[in-house]
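Breakdown of the fold
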Protein chains: 2
Amino acid sequence: MQNGKLNFNNRRTFLKKTTLASAGVLGLGNLQAEPSLYEKEKTNLKLPKDLTILFQGDSITDAGRKRDHYYANDAWGGLGSGYVLPVASELLGKNPTSNIQCYNRGISGHKVFQLANRWEEDCLQIQPDVLSILIGVNDFWHTLSHGYKGTARSYEDDFRKLLDRTLKQLPDCKIIVCEPFVVKGGSAIVEKEWFPAFMAYQNIARKISSDYNTNWVPFQKTFDDALEVASVEYWCPDGVHPSLGGGYLMAEVWLDVFKKMMK
Amino acid sequence: MQNGKLNFNNRRTFLKKTTLASAGVLGLGNLQAEPSLYEKEKTNLKLPKDLTILFQGDSITDAGRKRDHYYANDAWGGLGSGYVLPVASELLGKNPTSNIQCYNRGISGHKVFQLANRWEEDCLQIQPDVLSILIGVNDFWHTLSHGYKGTARSYEDDFRKLLDRTLKQLPDCKIIVCEPFVVKGGSAIVEKEWFPAFMAYQNIARKISSDYNTNWVPFQKTFDDALEVASVEYWCPDGVHPSLGGGYLMAEVWLDVFKKMMK
C-alpha cells in the first residue's frame, strides 16, 4: 500500500483498479500521476488464472501449523506462523482476481527421504503449479543429534529422485528450491560441528537447483546479512527456527524470487 | 524490499544500513542513487527504543491463536493467523533494532464487557505503549443469535469506561480504535437484520475514537472497497471472519494508520 491506496495486482484488476481509483471508489488517499517503483513492481506481476502453490519442508515451513486445517488458504492456523503465512497473505491480498491456492505441508523434523514417503499425498495429488521446497537442515542435524545415518550423498540422491518424480508426473510444475540455512550463534548450534560440514548440503541444494533450472532462494545470505543489523536471538534464537522477524525476511526474499519468476 | 535489498528501518539502523549497503554487505541487488517512495516511507518511521503493542478484541483478532503461547512475538501460533500476524511480522522484520513486543489477547466471541472482565491481566499488566482495540461485532451479533441483552448504549458506556480505566493507569498509552465491520453478503449475515442497526455500533466506536483523540482504522471502507474487486467469499466468507487475503488488507490499513502515528 502506498499513501493509503489498496493496490490490487493483476492485469484485469489493474484496468478495473484504474477505473475504480479514478472514480474514487478505491481511493483512500491522493492519486499520483505516475506510479512509484513499488507500484510498478506490483502491477508488473503476470499471474495465470489459476495458481496452486505448495510449500514443502520441515519445521521451518511447518511453523506450528494446525495439521487438521488441511485446506488451501486456511485462515485459522493451517498455514503455520512461519514465512508461509506472510507470503500467502500478501499473494492473496494483492491478487484477488487470481485463483491462488496456497498449501503448507511442512512437517517438523523431516528430511528429504521423509518428503518422498508422503509425496503422493502431500505433493502429487495437490498438483501444484509452483512447488517450493526447503529441506536439508535435519538431513545434517540429525546425524549429530538423532543417530541418523544419512549422508550428504543420500541427501543429494533422494533430492534428485524427488524432483525427477515430481517433474515426471507434473512436467509443467515450476520449482523453487530454498537454501537450507543455519544462523550462526544460535543456541542449538555448535558451530565447529556445523561448519564446514553443513555447507556440503547447501552446495548440493544449490547445485540441484541449477541442474534442474529451478528458482533458487538464498536464505543463508539473508540471515548472514541480517546478523549485521541485529542478533541471532532476534532473528533465529536457536539458529534453526526463525523468529517472526526472521520469517518476515524469508517471506520478502521468497516473494522477490517469485515476482521475478512471474514477470 | 526493493530489488532484493533488505531495508531495515530505524534512524540508527538507517545510518548503519547505508554503510553496510555501500560496503555491499546488505546489497543483494543493485544500489539506487535515490531511494524510492516506498523506501522513503519506510525510513521515515520514528519508533521509540522500546515499544510494546497489544492487540485486543474478539475472534477476528484471536484468529485461532494458541492460548498457551502467551509470550510476545510468539512465532509458533501465539499471535493467530489474522491481521495481527502480518502486522507483527512486518514491524519486527523491518525494525530489528527497536525493541518491539507484540501481544495478541483477542478472544473469540468477546464483547466489550468481557474485555473489561480480563483487562487487568490482559491489558494493564502488559503495560502497552500502543493499544489496538477491535471490538463490537459480537456486541450486536449476539443480540440476534445468543440472546445477549446488551444494547448500543451499554456498548458505548462499557467502551468509554474501558478507555477511562486504561488512560488512568497508563496515561501515555497511544490507543488505536479499529472500526467493527461486517462484509455484506457473508453467509452468517442477514443484511436486513444488520443494517442499519449495526451502524449505530460503528458510529459509537468512531465517536469514541474522536472523543478520546485516538487513531481510527476504517475497516468497513476497506472491505466495502475490496468488494468492488472480488467477492465476499474471497475476502470474508461468513461476513465476519476475514480470509487470509482479507486479513492482509486489514494489516495494510492498520499499518498505514500506525505509520502515520509514528512519523
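Only a predicted model underlies this, so the values are computations on that prediction, with no experimental measurement involved.

**Observations concerning the nonpolar core**
Residues Ile-53, Phe-159, Trp-254 and Phe-258 of chain A together with Ile-53, Phe-159 and Trp-254 of chain B are the most contacted members of the largest nonpolar core, which totals 151 residues. No other element matches the 11 residues that helix α13 (residues 244-262) of chain B contributes to this core. Apart from the residues lying within four places of it in its own chain, the contact partners of Phe-159 of chain B are Val-112, Ile-133, Ile-135, Val-177, Ala-205 and Ile-208 of chain B.

**Quick look at the sheet that holds strand β4 (residues 174-178) of chain A**
All names here are of chain A. Strands sit in the order β2-β1-β3-β4-β5 across an open sheet of 5 strands; the sheet is parallel. What marks the edges here is a single partner per strand, and that holds for β2 (99-104) and β5 (215-217). Put simply, the sheet's adjacent strands are angled 15° from each other on average, direction ignored. Direction of pairing for strand β1 (residues 50-57) relative to strand β3 (residues 130-134): parallel, over a ladder of 5 bridges. From the neighbouring strand, Phe-55 faces β3, where its bridge partner is Ser-132. Helix-sheet contacts for helix α8 (residues 152-169) involve β3 and β4, and the interaxial angle to β3 is about 170°. Of the strands in this sheet, β4 and β5 touch helix α10 (residues 197-211), which is tilted by about 155° from β5.

**Looking at the sheet that holds strand β3 (residues 130-134) of chain B**
Residues and elements named next belong to chain B. One open sheet accounts for 5 strands, arranged β2-β1-β3-β4-β5; its pairing is parallel. Of all the strands in the sheet, just β2 (99-104) and β5 (215-217) have a single pairing partner and so form its edges. Shown here is a sheet whose adjacent strand axes are inclined to one another by a mean of 15°, direction ignored. Across 6 bridges, strand β1 (residues 50-57) lies against β2 in parallel orientation. Along β2, the bridge assignment pairs Leu-51 with Ile-100. The strands touched by helix α4 (residues 84-94) within the sheet are β1 and β2, with β2 carrying the most contacts at an inclination of about 170°. Most of the contacts of α13 go to β5, to which it runs at about 160°, and overall it touches β1, β3, β4 (174-178) and β5.

**Some words on the packing of α4 of chain B against α13 of chain B**
All names here are of chain B. The geometry of α4 relative to α13 is characterised by a closest axis approach of 8 Å and an angle of 50° between their N-to-C directions. As judged from the angle between their axes, α4 and α13 are oblique. Handedness of the crossing formed by α4 with α13: right-handed. Contacts between α4 and α13 pair Pro-86, Val-87, Glu-90 and Leu-91 from the former with Gly-247, Ala-251, Glu-252, Trp-254, Leu-255, Phe-258 and Lys-259 from the latter. Considering only residue class, the contact of α4 with α13 consists of 7 nonpolar, 1 polar and 3 charged.

**Describing the environment of Asn-213 of chain B**
Among the structural elements, Asn-213 of chain B can be located in the loop between α10 (197-211) and β5. Linking Asn-213 of chain B and Ile-176 of chain B, residues 37 residues apart in sequence, is a C-alpha distance of 9.5 Å.

**Some points on the environment of Tyr-212 of chain B**
All names here are of chain B. Counting through the fold element by element, Tyr-212 comes out in the loop between α10 and β5. Note: C-alpha distance between Tyr-212 and Gly-78 (134 residues apart in sequence) is 30 Å. The contact partners of Tyr-212, leaving out residues within four places of it in the chain, are Arg-160, Leu-163, Asp-164 and Leu-167. Polar side-chain contacts of Tyr-212 include one of 2.7 Å to the side chain of Asp-164.

**Re α8 of chain A**
Residue and element names in this part refer to chain A. Look at α8: 26 Å from first C-alpha to last across 18 residues, which is about the 26 Å you get at 1.5 Å a residue. Those residues of α8 that sit buried are Tyr-155, Phe-159, Arg-160, Leu-162, Leu-163 and Thr-166. Each buried residue of α8 sits inside an arc of 155° when the element is viewed along its axis, so together they form one side. Along α8, exposed side chains directed more than 90 degrees from the buried face belong to Arg-153, Lys-161 and Lys-168. Looking at the buried positions of α8, the neighbouring elements they touch are α5 (112-117), α6 (119-122), β3, α7 (137-145), β4 and α10.

**Let's talk about the pattern of salt bridges**
All names here are of chain A. Applying the stated criterion across every chain, the model contains 24 salt bridges over all chains. Residue Lys-259 pairs with Glu-90 through a salt bridge whose shortest N-O separation is 3.2 Å. Here Lys-259, found in helix α13 (residues 244-261), pairs with Glu-90, found in helix α4 (residues 84-94); they are 169 residues apart in sequence, far enough to count as distant. Exposure remark for Glu-90: the relative accessible area of 9% places this residue in the buried category.

**A few points about the state of the cysteines**
Residue and element names in this part refer to chain A. Counted under the stated rule, the structure contains 0 disulfides over all chains. Here Cys-102 is not disulfide-linked; the sulfur of Cys-178 is the nearest cysteine sulfur, at 13 Å. You can call Cys-102 buried: its relative accessible area is 0%.

Each value, and the rule that gives it
Residues numbered from 1 in each chain as written. Chains lettered and ligands numbered in written order. Predicted model: local features only at pLDDT ≥ 70, side-chain atom pairs only at ≥ 80, totals over all residues. Heavy atoms only, no water. Core = buried A, V, L, I, M, F, W, Y, C linked by side-chain atoms within 4.5 Å. Buried < 20%, exposed > 50% of the residue type's maximum accessible area, 1.4 Å probe, protein only. Helix = DSSP H or I, 4+ residues; strand = E, 2+ residues; numbered from the N terminus. Contact = heavy atoms within 4.5 Å. Pairing = 2+ DSSP bridges. Axes fitted to C-alpha atoms, helices over the stretch in contact; angles between N-to-C directions. Parallel < 35°, antiparallel > 145°, perpendicular 65-115°, else oblique. Left-handed = near helix turned anticlockwise from the far one by under 90°. Nonpolar A, V, L, I, M, F, W, Y, C, P; charged D, E, K, R; others polar. Polar contact = N/O pair within 3.5 Å; in protein donor to acceptor, adjacent residues only side chain to side chain. Expected span 1.5 Å × (residues − 1). Arc of directions from axis to C-beta. Salt bridge = Lys/Arg side-chain N within 4 Å of Asp/Glu carboxyl O. Disulfide = S-S within 2.5 Å.

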